[in-house]
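Architecture and fold: a report
Residues per chain, in single letters:
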Amino acid sequence: MAEDLAAAPAAIPAWAARQGIGRTDPYGAARARVAALGAAGRLPALRPYYSPQRAGAHLGGILERNGLDEKGRPLAPAPGGGGTGPLRAVVRRAARGGAKSLYRVGRERVAPALRRWGQS
């Protein structure tokens, strides 16, 4: 592993002492740990954060949105489907634009009228 020769910031001793760091090179421990891990050779496999124990109710949806089944294998393509196609994107854009306009009318016209009625 090549050594990182990038300049690391040096902590001000008074500030470091107030923060409980206790020495002027707070990055030394991190550099030593990274060097030790690099010299160790093969590292253990990463454990996924979203596991059945941590997020059992959400894991299926997370995997499906990323095209994976519950074992982490790629999902088979839907029969007869070749993606959403351009028509769906056009319809979605039009629906979002309409919804945005309706929300704006409600916020700028209807809500103030209802507030005035409530104050009368």
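Our structure's up above, just so we're on the same page.
The text that follows walks through the structure, step by step, so that each part is easy to find. (Residues numbered from 1 in each chain as written. Predicted model: local features only at pLDDT ≥ 70, side-chain atom pairs only at ≥ 80, totals over all residues. Heavy atoms only, no water.)

The helix and strand tally for the protein stands at four helices and zero strands. Secondary structure elements of the protein, listed N to C terminal, follow the sequence α-α-α-α. A burial count over the protein gives 8% of its 120 residues as buried. Put simply, the protein shows about 10,800 Å² of open surface, and 59% of that area lies on carbon and sulfur atoms. (Helix = DSSP H or I, 4+ residues; strand = E, 2+ residues; numbered from the N terminus. Buried < 20%, exposed > 50% of the residue type's maximum accessible area, 1.4 Å probe, protein only. Areas by Shrake-Rupley, 256 points an atom, 1.4 Å probe, with all protein chains shown as cover.)

Here the focus is the pattern of salt bridges. By the definition in use, this model includes two salt bridges. Between Arg-73 and Asp-69 there is a salt bridge; the shortest N-O distance is 3.2 Å. The salt bridge partner of Glu-108 is Arg-107, with a shortest N-O separation of 3.2 Å. Exposure remark for Glu-108: the relative accessible area of 43% places this residue in the partly exposed category. (Salt bridge = Lys/Arg side-chain N within 4 Å of Asp/Glu carboxyl O.)

On the surface, Val-105, Val-110, Leu-114 and Trp-117 cluster together to form a nonpolar patch covering roughly 430 Å² of accessible area. As for its position among the elements, Trp-117 is in helix α4 (residues 85-119). Here Trp-117 falls in the exposed class, since its relative accessible area comes to 65%. (Patch = residues over 30% accessible without salt bridge, like charges linked within 9 Å, V, L, I, M, F, W, Y side chains within 5 Å.)

Next up on the list: the packing of aromatic side chains. In this structure the tally under the stated criterion is one aromatic pair. A ring pair is formed by Tyr-49 and Tyr-50, whose centres lie 5.3 Å apart and whose planes are at 85°; its orientation type is edge-to-face. According to the relative accessible area criterion, Tyr-49 is exposed, its value standing at 56%. (Phe/Tyr/Trp six-rings, centres within 6.5 Å; stacked < 30°, edge-to-face > 60°.)

Next up on the list: α4. With 35 residues, α4 should cover 51 Å at 1.5 Å per step; its first-to-last C-alpha distance of 50 Å lies within 8% of that length. Of all the bends found along α4, the most pronounced is centred on Gly-106 and spans about 35°. (Expected span 1.5 Å × (residues − 1). Bend = angle between axes of the 7 residues up to and from the residue.)

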